[in-house]
There are 2 protein chains.
Amino acid sequence: MAERVFGDVKGVPVGALFPDRKAVAAAGIHKPLQAGISGSANEGADSIVVSGGYEDDFDDGETLIYTGHGGRDQESEKQVAHQELTRQNKALALNKQLGLPVRVVRRVEDPKVLSSGMNYRYDGLYFVTDYWCEPGKSGFLVYRFRLEKDPFLVPPMAGVQSDVPEDDAPAPVITTAQAERRLALVNRIKRDSKVTKAVKKMHDDTCQVCGVRLVTPLGAYSEAAHIKPLGMPHNGPDSTDNVLCLCPNHHVLFDYGVFAVNDDFSLVGTGYEGQVLRRVAGHQINLEYLQYQREHYFFLDIRSR
Amino acid sequence: MAERVFGDVKGVPVGALFPDRKAVAAAGIHKPLQAGISGSANEGADSIVVSGGYEDDFDDGETLIYTGHGGRDQESEKQVAHQELTRQNKALALNKQLGLPVRVVRRVEDPKVLSSGMNYRYDGLYFVTDYWCEPGKSGFLVYRFRLEKDPFLVPPMAGVQSDVPEDDAPAPVITTAQAERRLALVNRIKRDSKVTKAVKKMHDDTCQVCGVRLVTPLGAYSEAAHIKPLGMPHNGPDSTDNVLCLCPNHHVLFDYGVFAVNDDFSLVGTGYEGQVLRRVAGHQINLEYLQYQREHYFFLDIRSR
């Protein structure tokens, strides 16, 4: 089997059009002819096809909420079972952990393009920046993935030149080396808000899970974790009652849903039995946000339903 | 005292010219009239003036190596003592930890501009992405800081349009909200190389310092830490003998020089007495790189000299 190619495919520019899935596959952009996700559970996903199958999916060109695979009846296309974090869903989730880009192919909606016989368009690279699960309209749990356009491929003026149709905007030429360099740079920038600073201070930079307090030559070091995430579609607030003070290890574990916090502040998750969240006077935590994190990110809970 | 302003100053565009330091201060860009670094040891630095004082400083417009303050004889301007990680130096170092931008003002070198009576130019926002210390030409230790231009203010074509002088290139218009959004996005992207993947696998994602092995629903989670950093001016290689497998907590502590590894693989640093780096057969570590990290990042060692 040929090696899975992550990233752009040589010779296929962003915006390339294809008549059908066979042509998309032949170009090396998305190889499966039926499946929406191309990937494996131990390597990650290299491409997806967005066909707008789920009613509640969101797509504004830059940010895309994509629903995972499985649990649908083949004939009726209705959701008849919970989706699982296995196979293609796990592949796409792995992209978040590994920082791998996904090629995104969209079904064309522009009637002018469609009339020329072209039905699919390669829309470039996206990153999986989050995933969670939630009840779909059927009541069964579905996995949802947030994909965001590679920021170095977004023309800086895109947000301003709204009179230029996005499809016609020229893709800026950036070499892979430049993109990698900038990505490496911005990965080292973590910005604090007044809110996150305040929470860290209330806890004296002590992890609310394990009690560790890291100290560097610059002083104590901790991280602020939003309980209900900021940004689409969660839209959690940047307020102190939505933030925990964690060490980097527990920040990672919280974000991946390894543990959660009950309404009585006891911790839940394998290995967290009998533990309680450390709290300090003055730091109120909103129970609604804890519930949101449990229901959307705490995967052990979901698996045991 | 007025609140310290981080980031752009309203009404002062990138490229703004000033006749003297007094005018730079009056505009709110860099308030001290003499000091190169404006900042405080508990808030961070809001601006610097680059005047090219140190012979071995590097500046290609996008990346700037800046030497810290102190230890110089006022009259001869020669280095006569070690610099310390206090006051303005600590302020600038804090920007790395807090992700705060620094306004950079450069002395003008273009004779045409100079002849118009303008001596200083506001060059926009930079991030402190690294700091370390090393012996200067005098033999005394100096602190050095790597500053990198805000990637969202760099025109995407900058690396390509080399015929356009950088000073004349129009600054792309990006709103603060857009920049924050993209920064938040790229902060969530961490990319692995083949080399870092290989090291994580050799250690089965177990931290070489504390032995912890974090597990998420996607599998084990560890981080790869380069011993001698990649990139200017260190230019450490992306090779397995220059990488350690660490948990996120020890990755932070290693990068901030809280501990280091001796040539016999014993750990050194407060709280690390008697501990030894966990090793596995097949993962060779280059002792030169360990020495480089000790000499440049291990600040406890330097403070005790």
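Note that this is a predicted model, so its numbers are computed, not measured. (Residues numbered from 1 in each chain as written. Chains lettered and ligands numbered in written order. Predicted model: local features only at pLDDT ≥ 70, side-chain atom pairs only at ≥ 80, totals over all residues. Heavy atoms only, no water.)

**Student:** Please explain the side chain of histidine 226 of chain B as it appears in this structure.
**Tutor:** All names here are of chain B. Position of histidine 226 relative to the elements: it lies in strand 11 (residues 223–226). For histidine 226, a relative accessible area of 18% gives the class buried. In this structure the side chain of histidine 226 is engaged in a polar contact, spanning 2.7 Å, whose partner is the side chain of aspartate 238. Excluding residues that lie within four positions of it along the chain, histidine 226 makes contacts with Thr196, Pro237, Asp238, Asn242, Val243 and Phe254. (Helix = DSSP H or I, 4+ residues; strand = E, 2+ residues; numbered from the N terminus. Buried < 20%, exposed > 50% of the residue type's maximum accessible area, 1.4 Å probe, protein only. Polar contact = N/O pair within 3.5 Å; in protein donor to acceptor, adjacent residues only side chain to side chain. Contact = heavy atoms within 4.5 Å.)

**Student:** Would you mind showing me how to read the domain arrangement of chain A here?
**Tutor:** Accessible area lost upon the coming together of the parts is a frequently used measure of interface size. Residues and elements named next belong to chain A. Under the domain assignment, chain A is made up of domain 1 (16–149) and domain 2 (194–297). Taken over C-alpha atoms, the centre of domain 1 sits 31 Å from the centre of domain 2. With both sides pooled, the region where domain 1 packs onto domain 2 buries about 880 Å², and carbon together with sulfur makes up 55% of that total. If you sort the residues of domain 1 by the area they bury against domain 2, Lys96, Trp132 and Arg146 come out on top, with a joint share of 42%. Applying the counting rule to domain 1 against domain 2 returns 0 salt bridges. Our count for the domain 1 to domain 2 interface comes out at 4 residue pairs in polar contact (both at pLDDT 80 or more). At the level of secondary structure, the elements contributing two or more residues to the side of domain 1 that touches domain 2 comprise helix 2 (87–98) and strand 7 (120–135). (Domains from an automatic or database assignment. Buried area = accessible area lost by both parts, 1.4 Å probe. Salt bridge = Lys/Arg side-chain N within 4 Å of Asp/Glu carboxyl O.)

**Student:** Just checking my understanding: could you explain helix 7 (residues 287–297) of chain B for this structure?
**Tutor:** Taken together, the buried positions of helix 7 of chain B are occupied by Tyr289, Leu290, Tyr292, Gln293, Arg294, His296 and Tyr297 of chain B. In this structure asparagine 286 of chain B caps helix 7 of chain B, since a side-chain oxygen of it lies 2.8 Å from the backbone nitrogen of glutamate 288 of chain B.

**Student:** Just checking my understanding: could you explain unusual backbone geometry for this structure?
**Tutor:** Leave glycine aside and you will find that most residues have negative phi; peptide bonds, for their part, are mostly trans. Residues and elements named next belong to chain B. The phi dihedral of arginine 87 is positive, around 40 degrees, even though this residue is not glycine. Locating arginine 87 in the fold gives a position in helix 2 (residues 87–98). Given the relative accessible area of 60%, arginine 87 is considered exposed. Despite not being glycine, aspartate 204 has its phi angle at roughly 50 degrees, a positive value. Residue aspartate 204 is classed as partly exposed on the basis of its relative accessible area of 42%.

**Student:** In this structure, what is going on with the environment of glycine 61 of chain B? I would like to understand it.
**Tutor:** Residues and elements named next belong to chain B. Mapped onto the elements, glycine 61 comes out in the loop between strand 4 (58–59) and strand 5 (63–67). Overall, glycine 61 belongs to the buried group, its relative accessible area being 13%. Counting along the chain gives 193 residues from glycine 61 to phenylalanine 254, while the straight-line C-alpha distance between them is 29 Å.

**Student:** Help me understand the packing of aromatic side chains, please; the structure alone is not making it clear to me.
**Tutor:** Aromatic ring pairs are described here by two measures, namely the spacing of the ring centres and the angle between the planes. Following the criterion strictly, the structure yields 10 aromatic pairs over all chains and no others. Judged by centre distance (6.2 Å) and plane angle (45 degrees), the rings of tyrosine 221 of chain A and tyrosine 256 of chain B are tilted. Of this pair, tyrosine 221 of chain A sits in strand 10 (residues 219–221) while tyrosine 256 of chain B sits in the loop between helix 6 (248–255) and strand 13 (260–261), placing the two residues on different chains. Of the aromatic side chains, those joined through ring pairs into one cluster are Tyr221 of chain A together with Tyr131, Phe145 and Tyr256 of chain B. In this arrangement the basic side chain of lysine 96 of chain A is found over the ring face of tyrosine 256 of chain A, its NZ or CZ atom lying 4.9 Å from the centre. (Phe/Tyr/Trp six-rings, centres within 6.5 Å; stacked < 30°, edge-to-face > 60°. Lys NZ or Arg CZ within 6 Å of the ring centre and 35° of its normal.)

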